[in-house]
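Read off the chains here:
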Amino acid sequence: MSKSRKINVTQRATKKASLATRSKKAVHAEQGPISQCRLRIACVGAFFFFCFSAISYRVVELTVFPPSDGDKIAAPRSTKPNKDNEIPLMALVEHNDEAIRKVLNKLEKEVHNSDIVLPRNNITDRNGLVVATSLETASLYADTRHMKRPAEVAAQLKKILPQIDLKTTENRLKSGRSFVWIKRNLIPREQEKVNNLGVPGLHFQQEYTRVYPQRELLSHVLGFVGVDNAGLAGIEKYEDEKLRDTDIQRPLELSIDLRLQYLLHDQLTRTVQDFKAIGAAGIIAEVKTGEILAMSSLPDFDPHHPAKANADTLFNRVSLGAYEMGSTFKTFTLAMALEYGTTSLHDGYDASRPIRIARFTINDTHPKYRWLSIPEIFAYSSNIGTVKMIQDVGIERQKGFLQKLGFMDPIQVELPERAAPLYPNPWGQINMMTISYGHGMSVSPLHLVQAFRTVIDDGRNKRLTLLRDGNTKEDNERIVSRETVHNVQRMLRMVVQYGTGRQGDAPGYRVGGKTGTAEKVKAGGYAKKAMLSSFLGAFPMEDPQYIIYVVVDEPVGNKNTYGYATGGWVAAPTVSRIISQMAPMLGIAPELNEAPDEMDLFWAETQKRAEQGKSGKFHAATYRTN
Amino acid sequence: MKSSALYIVVFVTAAIFGLNHFKFEVREVKNEVKQLERELKKEQNSLHVLEAEWAYLNRPERLQRLSQKYFTLVPLSGTQLVTMKTIPQPPQEEEPKIVPAARVVP
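Quantities reported herein were computed from a predicted structural model and do not represent experimental measurements.

Participant: Now, about the overall build of chain A: what can you tell me, with residues and values included?
Facilitator: Check the secondary structure of chain A and you find 20 helices and 18 strands. Buried positions account for 50% of the 626 residues belonging to chain A.

Participant: Report on empty space enclosed by the protein, specifying residues and quantitative values.
Facilitator: Residue and element names in this part refer to chain A. Enumeration according to the criterion identifies 3 cavities of 30 Å³ or more in this entry. There is about 60 Å³ of room inside the largest cavity. Together, Arg370, Trp371, Glu376, Thr606, Arg609, Ala610, Lys614, Ser615, Gly616 and Phe618 line the largest cavity. No other element matches the 3 residues that helix α20 (residues 598-611) contributes to the lining of the largest cavity. For the lining of the largest cavity, a count of residues per class yields 3 nonpolar, 3 polar and 4 charged.

Participant: Please provide a residue-by-residue account of the environment of Arg453 of chain A, values included.
Facilitator: Residues and elements named next belong to chain A. Looking at the secondary structure, you find Arg453 in helix α17 (residues 445-456). Given a relative accessible area of 2%, Arg453 falls into the buried group. Expressed as a C-alpha distance, the spacing of Arg453 and Lys288, which sit 165 residues apart in the sequence, is 8.5 Å. Non-local contacts of Arg453, meaning those with residues more than four positions away in its chain, are made with Val287, Lys288, Gly290, Arg460, Asn461, Lys462 and Ile547. A polar contact is formed between the side chain of Arg453 and the backbone oxygen of Arg460, at a distance of 2.8 Å.

Participant: Run through the side chain of Glu324 of chain A, naming residues and quoting values.
Facilitator: Position of Glu324 of chain A among the secondary structure elements: in strand β10 (residues 323-324). Among the polar contacts made by the side chain of Glu324 of chain A, one reaches the main-chain amide nitrogen of Gly440 of chain A at a distance of 3.0 Å.

Participant: Describe the packing of helix α12 (residues 330-339) of chain A against helix α15 (residues 395-404) of chain A, and please don't skip the residues or the numbers.
Facilitator: All names here are of chain A. In contact at an axis separation of 11 Å, α12 and α15 are set at 115° when each is read in the N-to-C sense. If you check the angle between α12 and α15, you find them roughly perpendicular. Note that α12 runs across α15; the crossing there is right-handed. Where α12 abuts α15, its residues Phe332, Ala335, Met336 and Glu339 lie against Arg397, Gln398, Phe401 and Leu402. A breakdown of the residues in the contact of α12 with α15 according to their chemical character gives 5 nonpolar, 1 polar and 2 charged.

Participant: Go over helix α4 (residues 150-160) of chain A, please, and point to the residues and values.
Facilitator: All names here are of chain A. Within the sequence span of α4, burial applies to Pro150, Val153, Ala154, Leu157 and Ile160. Angularly, the buried residues of α4 cover 120° about the axis, an arc narrow enough to put them on a single face. Buried-residue contacts for α4 involve β2 (130-142), α5 (166-174), β3 (180-186), α6 (188-197) and β4 (202-211).

Participant: Explain the interface of chain A and chain B to me, and be specific about the residues and the numbers.
Facilitator: Accessible area lost upon the coming together of the parts is a frequently used measure of interface size. Contacts between the two partners involve 35 residues from chain A and, on the opposite side, 27 residues from chain B. Across the interface of chain A and chain B, roughly 2,900 Å² is buried in total on both sides, 67% from carbon and sulfur atoms. One can count 0 salt bridges joining chain A with chain B. Our enumeration of links across chain A and chain B arrives at 4 residue pairs in polar contact (both at pLDDT 80 or more). For the side of chain A that touches chain B, the secondary structure elements donating two or more residues are α1 (2-64), β2, α10 (258-275) and α19 (567-586) of chain A.

Participant: Account for the pattern of salt bridges, naming residues and giving values.
Facilitator: All names here are of chain A. Under the counting rule described, the total for this entry stands at 34 salt bridges over all chains. Between Asp458 and Arg460 there is a salt bridge, with the nearest N and O atoms lying 3.5 Å from each other. Judged by its relative accessible area of 24%, Asp458 falls in the partly exposed class. For Arg460, a relative accessible area of 27% corresponds to the partly exposed category. For Arg490, the salt bridge is made with Asp597, and the minimal N-O distance between the two is 2.8 Å. A residue pair is termed long-range when its members are at least 10 positions apart, and Arg490 in helix α18 (residues 482-498) and Asp597 in the loop between α19 and α20 qualify at 107 residues. On the basis of relative accessible area, Arg490 is assigned to the buried category, the value being 13%. One network of salt bridges, in which partners are shared, links Arg120, Arg210, Glu236, Asp240 and Arg244.

Participant: Go over the pairing of strand β8 (residues 279-286) of chain A, please, and point to the residues and values.
Facilitator: In the case of a regular strand, side chains alternate between the two sheet surfaces. Residues and elements named next belong to chain A. β8 sits mainly inside the fold: 8 of its 8 residues count as buried. Here β8 shows a buried face lined by Gly279, Ala281, Ile283 and Ala285 and a second buried face lined by Ala280, Gly282, Ile284 and Glu286. Two strands pair when backbone bridges link them, and β8 and strand β18 (residues 546-553) are joined in this way by 8 bridges, in the antiparallel orientation. In the strand pairing of β18, Gly282 is matched with Val550. Inspection of the sheet shows β8 paired to strand β9 (residues 292-298) by 6 bridges, in the antiparallel sense. Across the sheet, residue Ile284 finds its bridge partner in β9, namely Ala294. Adjacent in sequence and paired antiparallel, β8 and β9 are bridged by 5 residues, among which Gly290 carries a positive phi angle near 75°.

Participant: Help me get a handle on the confidence of the model for chain B, residues and values and all.
Facilitator: With 95% of its residues at a pLDDT of at least 70, chain B reaches an overall mean of 85. For this predicted complex, the interface confidence reaches an ipTM of 0.72, while the overall pTM sits at 0.78.

The rules behind these values
Residues numbered from 1 in each chain as written. Chains lettered and ligands numbered in written order. Predicted model: local features only at pLDDT ≥ 70, side-chain atom pairs only at ≥ 80, totals over all residues. Heavy atoms only, no water. Helix = DSSP H or I, 4+ residues; strand = E, 2+ residues; numbered from the N terminus. Buried < 20%, exposed > 50% of the residue type's maximum accessible area, 1.4 Å probe, protein only. 1 Å grid on protein atoms, 1.4 Å probe; cavity = no way out; pocket = protein on both sides within 12 Å on 5 of 7 lines; lining within 4 Å. Points joined across faces, edges and corners; volume = space filled by probe spheres on them. Nonpolar A, V, L, I, M, F, W, Y, C, P; charged D, E, K, R; others polar. Contact = heavy atoms within 4.5 Å. Polar contact = N/O pair within 3.5 Å; in protein donor to acceptor, adjacent residues only side chain to side chain. Axes fitted to C-alpha atoms, helices over the stretch in contact; angles between N-to-C directions. Parallel < 35°, antiparallel > 145°, perpendicular 65-115°, else oblique. Left-handed = near helix turned anticlockwise from the far one by under 90°. Arc of directions from axis to C-beta. Buried area = accessible area lost by both parts, 1.4 Å probe. Salt bridge = Lys/Arg side-chain N within 4 Å of Asp/Glu carboxyl O. Pairing = 2+ DSSP bridges. pLDDT = per-residue confidence, 0-100.

Shown next as structure tokens:
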């Protein structure tokens, strides 16, 4: 029994064992494909798990944690250049490397999709007031292919837009073309009315048009643009590239000060009206920098409708006009005589008799019939004295000096309308004499102001500019010495204190200047009564800050001036009014106590001696008190 | 069914839902941004037009005309301005010296 049990046990054990091995095998056989499958699923699942966990990590990172500086929304872009931001980067770049500057500009100003892109940059005055801008307007065109009742539509349009021509519009509407302009640049009110007509076939196209908020105030300086917004005259033309640069959307800053521009324009208009003149021109310039603060030429035009202007109104008398300046030129004769040392302030010349050369006579307008000291020659604007002065200087030195002052070259300014001066060739004795008192050579007012600036400021040349900070620091050669500058300043003050420029004085502002009354050259020689009356002034004369030049074309004397229409009666009072109004605006305090100096004593002494009938040069010791 | 397979399926479904949800949200935000940009552009345009309008209304000729109409102001003249030097100053008084009591010699 036990043997069979044993056998059974062992049989069972072996059966079990064989079963076990068989099931294990089976399991192994089973687990092979299943485990492979499981492994693959696990791998794919792990892969997806990894991807999704990466995305969720990123989501959590973006929403829960604050964004770093690189992703921050930048500060809003301002339309004015931020000078503080500009300088550090700009300092690394050369002034003439435009391409790099453009790139840096782009980086500095973060451009957004919300920024509007103007087709043309604004132009502002030196204080940021807008003087030229581009505004979007609707331009009316018609699709006339299916136009019903064109005549009626034309009549309706004529009622809303009175400027259009009825016949032309009717013909256009009848033409059957798919695109024909009716009127460009409508104002919103007109656009609304045309829209309300409800005529199918009339469409609008948004176009940018140039708008000048100041109207005619700066018409000659700015110029105007054509239909396609390209500059045709003035600064619009000269700086056309800069204005059309849409990469750098920054306003063009002029050196013009709008307040002074209006002041000048207003006073010139008043003077033209008072004296029934045919035109006038004026400049206000800053002495130290050569920046033009105001430039006006009358008559002027409406820059929105340049086609309606005539040649006279479009003509920029300041930059393009070439005139014989008359006595204002004596400033330069005096400057060269003092610079070359041919005379000094205590010298003088005999002005008792007119000078006769060839067939004409040189006279004084207000003759004194005696010896005149240099200050008197200048203050009384004596032609005889000036001619004697230039005879000591000589032709070559006169030519050289005027050349150095820029009188032989076309004027340099940011306008396409620039005058080239007219001077005689050959330049003989008679030319030398007439040019010394401003006849025989034609230059523009800008030439005059530029040269005047040189002889009253530092003696170094500087270009006049219409752009703010337009003059970079240039070390130009010295034309006149500081001593000459000081003497010329003193003489200019004396003209206003004692001489023909008395009406140009503004109390407390130490105005200095020179009057000019030039007979105009007309067909057949000089016209007797047609004059260019001018005053070239500056203040405060001991350290001039501003130059004001006013020239009036063909003024006629009135009751208030006792019939006189000379520079001292017409232009000088205008300059005086301008100075009294601009000085408080610019924060220049008046200095009412003007202590007399050696020149005043000299003047007083010469007058005293003239009264006593004594003439000729005298010793300084006779009048100097201490 | 193996529980791990179930977990995987659940997880994948949840992930799909979550992804779409975020995608939708992002699209919404993007639209919002575009809308804001459009409004900003409109405002910038208005600013530009208003700048021109401001310059026009503030032109000196108009200001002069209005000031003459509504005010009785006249141009400032130089004689109305003075500097500090011209104003008479009161004489500077010497402050009495304060001597400490201990230093006073009796």
